[in-house]
Each structure stands twice: as structure tokens, then as C-alpha cells.
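Listed here are the chains, written in short residue letters.
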Amino acid sequence: MQFPESWLREFCNPPLTSQELADKLTMAGLEVEERVPVAPPFSNIVIGAIVAAEQHPNADRLRVCQVDIGQGEPLQIVCGAPNARVGIKIPAALVGAELPPGEDGKPFKIGKGKLRGVESFGMLCSARELKLSEENAGLLELPDDAPVGQSIRDYLKLDDQLFTLKLTPNLAHCLSVHGIARELAALTGAPLKAPTFPTLAPQIADTLPVEVQAPDLCGRFAGRVIKGINPQAQTPAWMVERLARCGQRSVSALVDISNYVMFELGRPSHIFDLDKIQGGLQVRWGRAGEQLKLLNGNTVTLDGNVGVIADSQAVESLAGIMGGDATAVGDETRNVFVEAAFWWPKAIAGRSRRYNFSTDAGHRFERGVDPQRIVEHLERISELVVRICGGEVGPVVDQVINVPTPKPVTLRVARACKVIGMALTQQQCADALRSLSLPVTEAEGTVTVTPPSFRFDLQIEEDLIEEVARVIGYENLPHTPPQAPVTAQIRPERQRGPFAVRRQLALQGYQETINFSFVEERWESDYAGNADPIKLLNPIASQLSVMRSSLLGSLLNVLKFNTDRKAARVRVFELGRVFRKDASVIDSETTVAGFDQPMRVAALAWGEAEQQQWGLPARAVDFFDVKGDVEALLAPRVLTFEVAEHPAMHPGRCARVLLDGVAIGFVGELHPRWRQAEGWQQAPVLFELDLPAVLARDVVQAQPVPRHQPVERDLAVVVAESVSHAALMAAIRGSDAQGWLKSAVLFDVYRPKKGAELAGMSADEKSLAVRLTLERTDATLTEQEIDGVVQAALAALQQQVGARLR
């Protein structure tokens, strides 16, 4: 929330500097996110009055102005603004003045000069040149009563500070200047100026019938008719200024009054054009299929979960969120109906987000707005309407249907001392709560508070403890070191850290991404085959409604984001937690009963296999590139791969990854169905592995340098086309009974061309050439021993994969 310091000090003015005030609010939980002056620094700019203006003799667009600055003789200033005319008062920068810094960061200095041969002793300024707004249509025109010669900074209060607070959801009572002043009075002991609400005597008897049909939507509804207003009335400059300093632009007098009271007292309201309402009003839940064109121009389709205000013909407003275009006030409005109501927070929360917008009114109502002071606030709105726009007021019609009943909350002083971590007396706790305008009753060792109507956040004992801590000041809490020893956990030598995995993937050309753990429900069914995902009770967005059980959906979403922006090559990875239901999991310090939360590492590659370069021909990344990345990630541990199926992957180009015979994940191309759905011409290749298996590693052991020469032998065998590389290698390694086989590497694959089969090879066969490296540590291998190993390998190949020597 943004507001000017001067407005806050009208309600409560403690003897603190702006910085001390900001620190006091921050340490009480009202974090001051930003504090900036209303205008950037500039000097020697005063209020001037143009007393004469003549056409420049040598320029059609320039005028030679005589400007009274309160120093006797007027100054001659040449000006090109289209609105430079006799009688207006404007900011005049004198010789030696410094205007706000430009794009180069340096202030612009004004000196004596000549424009087309005519001397000029200063400069007349626009609002944009003073960095007060983006308005650049001409000179900044000031009110007729502006004192000539006074500094423009003093007159416009440009040294005022703008405070921006970052409020937590439980501080709804601070979403107004008066609410913040009430907190400030409690924190500093400075007196709080209570606002006054003069009651307007009805001048007409007109009322508008209102029927509240949904007490679970609206607990109290008040309204009043005002007739004969002037819709062309100008919003007073002081109100426009305050609204602007709250970040709200001026629209019209009626709209500005409604916004002003919302910022002043935290009371959102709505003003209807009375003549556009058909019959009376109904406050009810929406009906499926109803539509409403809002003030922002959007047309929304309603359902039974959205509250509305309707007349006898159509829906006219989204309850507590935004009014409709059909009954909006305009230049022709003469009669209005002013509405102020209490909307139940649960009935408003999340409604605007489903239509992809938010409003200041909805932001307040979904956190809770005081239901008891509706009539007083309505009187304040009415008084401003009559003062600014004129008109005659009717009686206030107030319906109290279903307002919250406050429930007392008891604070145990001993418990407060334990939670806050400092010794407190009962008197200190009671005084702190009373300073916040909370009604307090005391008993032995306890303090009981009945929450006032503007405090929706006081429901349990911890809420009162927090209030006591806020009033005391977080900066005054003692610094107590932990009593228990803090011992860092030492990672086992057989395990590397997650950062090492991140670094290795980065060295392999992947970039890390960090994604939400909540995803679209469609991703779970399409990419993880999970028909029963963990659903969120209160998702941050309607589409992000479930917890992910796979990282693949998140990576595919990242790929989609990049390809939509014409990225030609994408290689990304993520280390993250996934979530799935598992009845075997029990409660512990790191687990929640019924839910498994393992860590995974996943990566995706799409586009060309290598960055564009002259040394290698361009080719698309394929399954074997990513399979190699997986092997490199776990090297020197040896992986095996077996044909498998995965919901997200191509049924013929997917493999299960096994480590020491245990499945740890999958690698494969994206399923053609999902590739076509996203419009990709090339299929991305993905893998997802259990992170603990990736982190595990063998402890390095020193080995002596071999004393004997290794021996190499090549084997070429003919096998069926269906025989895999993994089956071939498993047969060879399984034949090594003596442990002399150090490595076996496939170095050639030959398939005869169709119609040109070699003798002894059919079209459904292939030839595989393997190089065996043999070594004995205690002696030199003899030819007989070498032949024994080779023959054992051939026998195993023949028996296990049906191979024959080529």
C-alpha cells in the first residue's frame, strides 16, 4: 500500500523523522518496502505569473513572456508552450536553477540565454520537466490563489515522502491511512485524531429497494439515494493530489470520492447511476451462464460461486470486486445510489483471480473490512459527494443480516514469555493490547481480548502473542543464542553433493531451471500417468492445482516457453522434489504420513546436438546423445539400459536406466502424441533419475601401475537384429571367470544391404565387432590363456544370444 507521509501525520504525528517513522513501522511488522520523495531534487524554481505575452519576432512557435516572480520587475522568458498566456500561474525556473536529472543522471542547469536573438532569463516548466508526471502538453498551470514568488517545492509539498508498505494478509486493518495511524499511535503513544462523520439530514424521501438473498455472501448492506448532483464537478486539487500520491489516477469526482474514502478509512464502496437501475437491487450468488461487462471493459461469464448485485433485468456488479459498465456513472448522471456493504471474506477470496484481474476493493474485502462502521463511512462518502457535486440526500437504508460474532481469545502470560523469548509481566501484555484499541479483561496469569470488528486476524492465542511482540518492537527482543549444540552433518565419502551434479550437468551444456512444485493436472495424467495426484486446497492459480510427481512436465513447459520465443537450441535440467501418495510412509522429522517426497534430477535436450560451428556438421540431438550424457553423469559407475515404456516417452525409443540391477529412472524421446500437440517438428529427448542414486559413488581406491603388457583381441560375431548391445556385453563379461578381461568395446556394426546379403548372413542379421582387452596382474598372459578367454566369450555369446563367429 502506498500513501504520503503528510496524510498519515494528519491522523497521528509522533515526534519522529521520516526514517525513524519508517523504522518504527517496519519493526512492528508493517514493512516499509520503499520510501521516496514525491519529486526528485531541483532548486530555485518559484511560482510565477505571466503578465504579458507577445509573439516572438523570429519564431512562429515561441512567445516572449513577462513573468512576475514577486521581485518587482518582471523577468523576460522565452517560451514555446502552447498554453503560455497572460493570467496563468506557472513554475518558473530562475537563472541558476537546477532541474531534475535527465537520462544521463546529471541535473539540468538554467542559465541566461538567447533564443532566436531574444534574451531569456529563465525557463517556464511543465509537469514532465519537473518529473511530477508524464504530462507534457504544456506548462503546469497552478491555481489562481497560488502565491507568486513562493518556492514550488513548498507550495506543492514536494518534499513529502511516499511510503510503500508490504503488508502480510493478517494486517487487513492497516489497508488504510487511518488504520496505519491507529497502529502508529499504539507504537509511539502519540495521540490519534479520530475521524468525524457528520450525519446528513435527509432532504428527500427517495430510497431504492434492496433484497439480500444470500446471507453467506453479504452480512450487511447500506445505501442511500442522492439526487440532483453535478456530474461535471471538478475533483478538488487536494483530493487529486492525495489520490495520485496513493498511486491512483483521478477519473471523475464521484469515482475519486469513492477511492478517496477507501484509502482514508479502508472502506470500498460503489456508486451506481440510479436512473440506469431497473427496479430494485438483489444481492445474490450468480447463476450459470450469466454475463457481465465490467468497468474495465472485460465481459465475464458467471457461475454459482461468484456473488453479484443485480437488478430486475441483469447483473450490475461483481459483489465486492468491481462494478458493471451498464450502471456506471458518467457525464449524464444526475441521480446516484451510494452503496457500502460487508462482504464475507470467504465469499470474495479468489473470485477476481479466476477472471485474471485484481482490484483494490477485492483485495480488502477478501481480508476483511469492518462491518460495524458501514453507516458512518457511508455518511463520509455522502458528505463529500454533496460538498463537491451538490445534490439532495435521501435516508440511509441499513440492513444487518449476518455479521461476524467476535469470540474472546485468551493469552496466557507464561506462554507469551516462552514464545517471545523474554520475561514479560501481565501488565506489559495488557498495556500492549490496550494500546491497539483492543478491549481487555484480566484474570490471574491471563489476558482475554474480545476482538473488535475491524480485527479479523485475532482468532487464537498466538495471534495475541504476535500483537504483544509487535508493540514491544522486534528490535527490542533479546538476542538469545541456541542452547543445544549445532553440529553440521558430514556427508559420507560414498556420496557427492547435489551441487556437484549441477556443476557436471552445466559442464555438459545444460542450464538449470527452477519451477513450481504445483502443476497442471493434465501434466500428471499425460506425462506421469498419475490418475490420482495430490490436489491443492488453495492453489495460487486455478490451473496449478496439483503437486507434481514428475519433473518432466515442468521441463517441457520451459521448452515451450523458449520455443515460443524462437529459441533454436534448448538444453535444461532441474533438481527438485516430487510428490506422490504412498500409504507406507509414516510421520518423522523429514516425512509426512501417506506422502512420499523423493528428490529427482531430470534434463531435456532439443535442437542441434552441438552449437553451430565449422568443425562438425549440423545434426539434431538424438536418443544416444542424451543416453551418453546420462552415462557421463554417473561415470565411472556402469549403467545398463533395457527397453521400457513411459507415459511421456516414445514407445520404441525409451529405456529404463538400471544401476547395479536396480531401476533408477528413464531416458527417451518425447511421445509423438505430445510432440504433435505442442507443434514441435523435432522430438525433445529427456531423462529423469532418482537423485540419491545419482549422488552415490564408489570410494576411489589406489591401484598399482600394471607391470605386464595388456593384450587385445578382436571378435566379429553374427547375431540376430534383435540382439541389443547390453545383452552382447553382459554375455562377454559373464564369461570372464578368471577376471582377466579388463574391457570390451563395440567398435563396428555391419548390416548387409538389402538384396546384397553376404554368404552366411541373412537380411535380419547383423555383424558386431568387439575389441577385448585382457590383462593379468601377476604374470604375462600366455597364448593358451588368451585363447581360453576368447573361446569362453564365444561360447557364452553362442549360448546366450545365439551368436556365431563371422
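So, here's what we can say about the structure. (Residues numbered from 1 in each chain as written. Predicted model: local features only at pLDDT ≥ 70, side-chain atom pairs only at ≥ 80, totals over all residues. Heavy atoms only, no water.)

## Let's talk about the pattern of salt bridges
Condition: Whenever Lys or Arg places a side-chain nitrogen within 4 Å of a carboxyl oxygen from Asp or Glu, that contact is recorded as a salt bridge. Only DSSP runs of H or I with at least four residues qualify as helices, and only runs of E with at least two residues qualify as strands; both kinds are numbered from the N terminus onward. Throughout this description, buried means an accessible area under 20% of the type-specific maximum (1.4 Å probe, protein chains only), exposed means over 50%, and partly exposed covers the range between.
All chains considered together, the criterion is met by 50 salt bridges. Residue Arg415 pairs with Glu462 through a salt bridge whose shortest N-O separation is 3.4 Å. On the criterion of sequence distance, the pair formed by Arg415 in helix H10 (residues 413-420) and Glu462 in helix H12 (residues 461-472) is long-range, its members being 47 residues apart. Note that Glu669 and Arg653 form a salt bridge whose closest N and O atoms lie 3.2 Å from each other. Taken together, the residues Glu669 in strand S36 (residues 662-670) and Arg653 in strand S35 (residues 649-659) connect sequence positions 16 residues apart. A relative accessible area of 11% means that Glu669 is categorised as buried. The class of Arg653 is partly exposed, set by a relative accessible area of 43%. What you see here is one network of salt bridges that share partners, running through Glu183, Arg455, Asp457, Glu467 and Arg470.

## Quick look at the packing of aromatic side chains
Two numbers describe a pair of aromatic rings. These are the distance of the centres and the angle of the planes. Quick reminder of the rule: Between 30 and 60 degrees the pair is tilted, below 30 it is stacked and above 60 it is edge-to-face, where a pair is any two Phe, Tyr or Trp rings, Trp via its six-membered ring, whose centres lie within 6.5 Å. Lysine and arginine charges are scored as sitting over a ring when NZ or CZ, respectively, is within 6 Å of the ring centre and within 35 degrees of the ring normal.
For the coordinates displayed, the defined rule picks out 9 aromatic pairs. An angle of 40 degrees between the planes, with centres 6.4 Å apart, marks the rings of Phe272 and Phe337 as tilted. Here Phe272, found in strand S14 (residues 270-273), pairs with Phe337, found in strand S21 (residues 335-343); they are 65 residues apart in sequence, far enough to count as distant. Pair check on accessibility: Phe272 and Phe337 agree, each one buried. Measuring from ring centre to ring centre gives 5.1 Å for Phe516 and Phe518, while their planes differ by 20 degrees; the resulting arrangement is stacked. Phe518 gets classed as partly exposed once you look at its relative accessible area, which sits at 22%. Ring-pair connections join several aromatic residues into one group, and the members of that group are Trp7, Trp238 and Tyr260. We note Arg153 situated over the ring of Phe42; from NZ or CZ to the ring centre the distance is 4.6 Å.

## A word on empty space enclosed by the protein
Heads up, the rule is: The rule is simple: put a 1 Å grid over the protein atoms alone, call a set of points where a 1.4 Å probe fits but cannot get out a cavity, call an open set with protein on both sides within 12 Å along at least five of seven lines a pocket, and count a residue as lining if it has an atom within 4 Å of a point. Grid points are joined across faces, edges and corners, and a volume is the space filled by probe spheres set on the points. Think of it as three bins: nonpolar holds Ala, Val, Leu, Ile, Met, Phe, Trp, Tyr, Cys and Pro, charged holds Asp, Glu, Lys and Arg, and polar takes everything else, Gly as well.
On inspection of all chains with the given rule, the structure shows 1 cavity of 30 Å³ or more. Size it by volume and the largest cavity reaches roughly 30 Å³. Around the largest cavity, the lining residues are Leu208, Val210, Phe221, Ala222, Gly223, Phe337, Val397 and Gln399. At the level of elements, strand S13 (218-227) and strand S23 (397-400) are the ones that each hand at least two residues to the lining of the largest cavity. Of the residues forming the lining of the largest cavity, the biggest block, 3 residues, is contributed by S13. Residues that form the lining of the largest cavity fall into these classes: 6 nonpolar, 2 polar and no charged.

## Here we look at the packing of helix H11 (residues 426-435) against H12
Worth spelling out the cut-off: Fitted lines through C-alpha atoms serve as axes, helices being fitted only where they are in contact, and the angles separating the N-to-C directions of these axes extend from 0 to 180 degrees. Comment on the angle field: the value is read as roughly parallel under 35 degrees, roughly antiparallel over 145, roughly perpendicular from 65 to 115, and oblique elsewhere. In what follows, a contact means two residues having at least one pair of non-hydrogen atoms within 4.5 Å.
Two elements in contact, H11 and H12, have axes whose closest approach is 9 Å; the angle formed by their N-to-C orientations is 85 degrees. Viewed along their axes, H11 and H12 adopt a mutual orientation that is roughly perpendicular. Residues Cys429, Ala432, Leu433 and Ser435 of H11 touch H12, and the partners they reach there are Leu464, Glu467, Val468 and Val471.

## Points about the environment of Glu5
Counted only if it meets this: Polar contacts, as counted here, are pairs of nitrogen or oxygen atoms within 3.5 Å of one another; within protein the pair requires one atom able to donate a hydrogen and one able to accept it, and residues that are adjacent in sequence qualify only if both atoms are side-chain atoms.
Along the chain, the position of Glu5 falls in helix H1 (residues 5-11). With 30 residues separating them in the primary sequence, Glu5 and Arg35 have C-alpha atoms 9.5 Å apart. In this structure the side chain of Glu5 is engaged in a polar contact, spanning 2.8 Å, whose partner is the side chain of Arg9.

## With respect to the sheet that holds strand S1 (residues 2-4)
Strand-to-strand pairing in sheets goes through backbone hydrogen bonds, with the strands running parallel or antiparallel. Put simply, the test is: Pairing between strands is defined by DSSP: at least two bridges between the two strands are required.
Sheet architecture is open: 3 strands sit in the order S1-S11-S2, paired in antiparallel fashion. Each edge of the sheet is formed by a strand with only one pairing partner; in this case those strands are S1 and strand S2 (31-37). Here the strands of the sheet are splayed against their neighbours by 25 degrees on average, with no regard to which way each runs. In the sheet, S1 pairs with strand S11 (residues 161-166) via 3 bridges, with the strands oriented antiparallel. By the bridge assignment for S11, Gln2 is matched with Thr164.

## Section: the side chain of Thr563
Tracing the sequence through the fold places Thr563 in helix H15 (residues 552-563). Looking at Thr563, its side chain comes within polar contact range of the main-chain oxygen of Lys560, at 3.2 Å. With sequence-adjacent residues up to four places away left out, Thr563 is seen in contact with Trp606 and Trp680.

## Quick notes on the nonpolar core
Let me state the cut-off plainly: Nonpolar cores are built from buried Ala, Val, Leu, Ile, Met, Phe, Trp, Tyr and Cys residues. Side-chain atoms within 4.5 Å join them into one set.
Judged by nonpolar contacts, the single largest core of 50 residues is most densely connected at Phe3, Leu8, Ile180, Val385 and Cys389. No other element matches the 8 residues that helix H6 (residues 253-265) contributes to this core. Beyond its immediate stretch of four places on either side in the chain, Ile180 contacts Met1, Phe3, Leu8, Leu25, Leu30, Leu165 and Cys174. Counting residues in hydrophobic clusters, the runner-up holds 37 residues, among them Phe272, Ile277, Leu302 and Leu318.

## A word on the sheet that holds strand S37 (residues 685-690)
Across the sheet, 7 strands lie side by side as S27-S30-S33-S37-S36-S35-S34; this open sheet has mixed pairing. The open sheet has two free edges, formed respectively by strand S27 (511-512) and strand S34 (639-643), since each of these has just one partner strand. Summarising the sheet, S35 and S36 pair through 7 bridges and their orientation is antiparallel. Bridged to Arg656 within S36 is Phe666. Relative to strand S30 (residues 570-577), helix H13 (residues 498-507) is tilted by about 170 degrees, and along the sheet it contacts S27, S30, strand S33 (599-606) and S37.

## Side note on helix H16 (residues 623-634)
Basically, it comes down to this: Expected span of a helix: the number of residues minus one, times 1.5 Å.
Taking 1.5 Å of rise per residue, 12 residues should cover 16 Å, and H16 covers 17 Å from first to last C-alpha, within 8% of that figure. Taking the backbone nitrogen of Phe624 as reference, a side-chain oxygen 3.1 Å away marks Asp622 as the first, capping residue of H16.

## A look at the layout of surface pockets
Its boundaries defined by the atoms lining it, the largest pocket holds a volume of some 1,400 Å³. If you trace the largest pocket, you find 42 residues lining it, with Pro345, Lys346, Ala349, Glu366 and Arg367 closest to the centre. Classifying every residue of the lining of the largest pocket by side-chain character gives 19 nonpolar, 13 polar and 10 charged.

Take it as geometry only, folks, not as evidence of what the structure does.
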